[in-house]
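Letter by letter, the chains look like this.
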Amino acid sequence: TRLLQKLSARLQDYEHKLKIDMGSAMERVLGELKRYQRKKRNPFSLLKKDSPLALTHEKLAELTGLNRVTVTRTINLLKLQGDINVDVKGLITLQ
């Protein structure tokens, strides 16, 4: 049953990724950040806030299929809208 649960979770992740890939640049970047956060979440820290995401613009571009310049512009728009925060070190926190 563990194998089936793992396969089911992976299938759901791929389906979610396909839905994200059909959206606009903003939807793709924000969707990928949420997806990445879910994958990196520590199951033992249920009460703790999620830690910032350490993703370069280049890596995010690779994950979304966008170019780095588009990702940088999109991140700036998401910051202005208040959907994300980016600290001095470039770590991203979702709101």
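Chemist: I tried to follow the confidence of the model for the protein on my own but got confused; where do I start?
Modeler: Atom-level detail of predicted coordinates should not be read off regions where pLDDT is low. Here the protein shows a mean pLDDT of 85. Residues at 70 or above account for 88%. Mean pLDDT values over the elements of the protein span from 80, in helix 1 (residues 2-21), up to 95, in helix 4 (residues 68-81).

Chemist: Would you explain the nonpolar core in this entry?
Modeler: Buried together is how nonpolar side chains tend to be arranged in soluble globular proteins. In this structure, Val-29, Leu-33, Leu-60, Val-71, Ile-75 and Ile-84 are the most contacted members of the largest nonpolar core, which totals 15 residues. At the level of secondary structure, the elements contributing two or more residues to this core comprise helix 2 (25-40), helix 3 (57-64), helix 4 and strand 2 (92-94). The element best represented in this core is helix 2, accounting for four residues.

Chemist: Looking at this structure, I do not really get a nonpolar patch on the surface. What am I missing?
Modeler: A cluster of nonpolar side chains, namely Leu-3, Leu-4 and Leu-7, defines an oily patch on the protein surface of about 340 Å² accessible area. In this fold, Leu-3 is placed in helix 1.

Chemist: Got a minute to help me understand the packing of helix 3 against helix 4 in this structure?
Modeler: The description of two packed helices rests on the angle between their axes and on the distance between the axes. Two numbers describe how helix 3 lies on helix 4: the axes approach to 8 Å, and their chain directions differ by 105°. Judged by the angle between their axes, helix 3 and helix 4 are roughly perpendicular. Here helix 3 contributes His-57, Glu-58, Leu-60, Ala-61 and Thr-64 to the contact with helix 4, which in turn contributes Arg-68, Val-71, Thr-72 and Ile-75.

Chemist: Would you mind showing me how to read helix 2 here?
Modeler: Because an α-helix packs 3.6 residues into every turn, residues spaced three or four apart end up facing the same way. Compared with the 22 Å implied by 1.5 Å per residue over 16 residues, the 22 Å span of helix 2 between its first and last C-alpha is a close match. Taken residue by residue, helix 2 has Arg-28, Val-29, Leu-30, Gly-31, Glu-32, Leu-33, Arg-35, Tyr-36 and Gln-37 as its buried positions.

Chemist: Any chance you could explain the packing of helix 2 against helix 4 here in plain terms?
Modeler: Two elements in contact, helix 2 and helix 4, have axes separated by 10 Å at closest approach and are oriented at 80°. It follows that helix 2 is roughly perpendicular to helix 4 by the angle criterion. Across the interface between the two elements, Ala-25, Met-26, Val-29 and Leu-30 from helix 2 touch Thr-70, Val-71, Thr-74, Ile-75, Leu-77, Leu-78 and Gln-81 from helix 4. For the contact of helix 2 with helix 4, the per-class residue count stands at eight nonpolar, three polar and no charged.

About the cut-offs
- Residues numbered from 1 in each chain as written.
- Predicted model: local features only at pLDDT ≥ 70, side-chain atom pairs only at ≥ 80, totals over all residues.
- Heavy atoms only, no water.
- pLDDT = per-residue confidence, 0-100.
- Helix = DSSP H or I, 4+ residues; strand = E, 2+ residues; numbered from the N terminus.
- Core = buried A, V, L, I, M, F, W, Y, C linked by side-chain atoms within 4.5 Å.
- Buried < 20%, exposed > 50% of the residue type's maximum accessible area, 1.4 Å probe, protein only.
- Patch = residues over 30% accessible without salt bridge, like charges linked within 9 Å, V, L, I, M, F, W, Y side chains within 5 Å.
- Areas by Shrake-Rupley, 256 points an atom, 1.4 Å probe, with all protein chains shown as cover.
- Salt bridge = Lys/Arg side-chain N within 4 Å of Asp/Glu carboxyl O.
- Axes fitted to C-alpha atoms, helices over the stretch in contact; angles between N-to-C directions.
- Parallel < 35°, antiparallel > 145°, perpendicular 65-115°, else oblique.
- Contact = heavy atoms within 4.5 Å.
- Expected span 1.5 Å × (residues − 1).
- Nonpolar A, V, L, I, M, F, W, Y, C, P; charged D, E, K, R; others polar.

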